[in-house]
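# Structure assessment
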Amino acid sequence: MTQVHDMAGWESLETYRRAHSRGELPLRVYSVVQISGWERLRDFVAVNGRGDDRLWWGGVKAFVDGSLGSTTAWFHAPYDDEPGTSGLMVTDSAQLRSWIEAADEAELQVLTHAIGDAANDWLLGVYADVAAAHGPRDRRFRIEHAQHLSPAAIPRFAELGVIAAMQPYHAADDGRWAEKRIGPERIKTTYAFRSLLDAGATLAFGSDWTVAPIDPILGLDAAVTRRTIDGANADGWVPEQKTTVEEVLRAYTEGAAKAGFAEGRVGRIAVGMLADLVVLDRDVTRVDAKTLGETHVDMTVVDGRVAYERPTG
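Now for a description of the structure that goes with this document. Small disclaimer: the values here were computed from a predicted structure and weren't measured.

About the criteria used
Residues numbered from 1 in each chain as written. Predicted model: local features only at pLDDT ≥ 70, side-chain atom pairs only at ≥ 80, totals over all residues. Heavy atoms only, no water. Helix = DSSP H or I, 4+ residues; strand = E, 2+ residues; numbered from the N terminus. Phe/Tyr/Trp six-rings, centres within 6.5 Å; stacked < 30°, edge-to-face > 60°. Buried < 20%, exposed > 50% of the residue type's maximum accessible area, 1.4 Å probe, protein only. Contact = heavy atoms within 4.5 Å. Polar contact = N/O pair within 3.5 Å; in protein donor to acceptor, adjacent residues only side chain to side chain. Pairing = 2+ DSSP bridges. Axes fitted to C-alpha atoms, helices over the stretch in contact; angles between N-to-C directions.

## Re unusual backbone geometry
A cis amide bond links W209 with the next residue in sequence, T210, at an omega value of 20 degrees. One non-glycine residue with positive phi stands out, namely H145, at about 95 degrees. At Y191, a residue that is not glycine, the phi angle is positive and equals roughly 50 degrees. Within the fold, Y191 resides in the loop between helix 7 (178-186) and helix 8 (193-198).

Structure follows, in structure tokens:
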């Protein structure tokens, strides 16, 4: 990897700044803080700007709901295996709306965790209201995870310019047990990579580390093959949502760069762009998809310098 978007908060941002000042930050970092501190970030930006090509900031992270595994992801209908609950909002709705409105007015990027279909529908509605109230701007609202969508939500991502920041490995993991939670109908638009792309949405792929493995090769395999890690879905779990290798590579590179306001300098190998790239041990666009998970990174280059070489022998 050559770049990460880190949601860890102020302590991490200050740690990165110290490392960067010593010339010891080995990759590019977009450092995001909690939305409750939006005023502090607004004032910090006014004094310090938004960073540089190696370390930058200007985003705030929020949470609508919980997770599917804990039955706290917020759905319109109850869970199939826990009919007494449909999940919950983990942040007071009025407070969260107020924070999103204020952060957007301060021209900070808002990145919000939403898992269940009700959480995503609610958030898309808030994003639409805020954008209409504050007027046109290149704000790039993000929904982190966007895992379980109502059919009506899918076209709204493109319509509103909301970036779906998703983690393909979760599909390979959750696919072992998600259907027992939400049933055969709702899983049709779970990790809806294909549907979102066909609707014109921007996908930005990542890992959700430390919750999931950080290795993007595992995400590449998961998005293309939709195989689950238990081996029970060899032909793909919800195979209608499979993507091509080229689409996945774009989501991990151009899409991720756009999601961090960095597409003018990274995300593509082209004249005039910063020299960030990886060298793989095979042409993943030509090999049998079943072997994608066996791919290795031979070399990583950041800003024209070799940052990693795979040991030989």
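From this point, things continue past the structure.
## As for the packing of aromatic side chains
The tally for this structure, following the rule as stated, stands at nine aromatic pairs. Ring centres of F75 and Y79 lie 5.3 Å apart, and the angle between their planes is 80 degrees; on these two criteria the pair is classed as edge-to-face. Grouping residues by exposure puts F75 and Y79 together as buried. Ring geometry for Y127 versus F141: centroids 4.0 Å apart, planes at 5 degrees, classification stacked. Remark: F141 occurs in the loop between helix 4 (117-134) and strand 5 (142-145) and Y127 occurs in helix 4; sequence separation between them is 14 residues. Residue Y127 is classed as buried on the basis of its relative accessible area, which comes to 1%. Through pairs of rings, three or more aromatic residues link up here, namely Y191, F193, F205, W237 and Y252.

## Quick word on helix 9 (residues 216-225)
With eight of ten residues buried, helix 9 lies mostly within the body of the structure. Every buried residue of helix 9 is listed here: I217, G219, L220, D221, A222, A223, V224 and T225. Contacts made by the buried residues of helix 9 are with helix 6 (169-174), helix 8, strand 7 (203-205), helix 10 (245-259) and strand 8 (277-280). Of the residues that open helix 9, the one with a side-chain oxygen 2.9 Å from the backbone nitrogen of I217 is D215.

## Considering the sheet that holds strand 8
Here we have three strands laid out as an open sheet, ordered 8-9-10, and antiparallel in their pairing. Since the sheet does not close on itself, it has two edges, and those belong to strand 8 and strand 10 (305-309), each with one partner. Averaged over all pairs of adjacent strands, the angle between strand axes in this sheet comes to 20 degrees, irrespective of strand direction. Pairing geometry for strand 8 and strand 9 (residues 297-302), over four bridges, is antiparallel. What sits directly across from V279, in strand 9, is M299.

Limitation: the analysis is restricted to geometry and does not speak to function.
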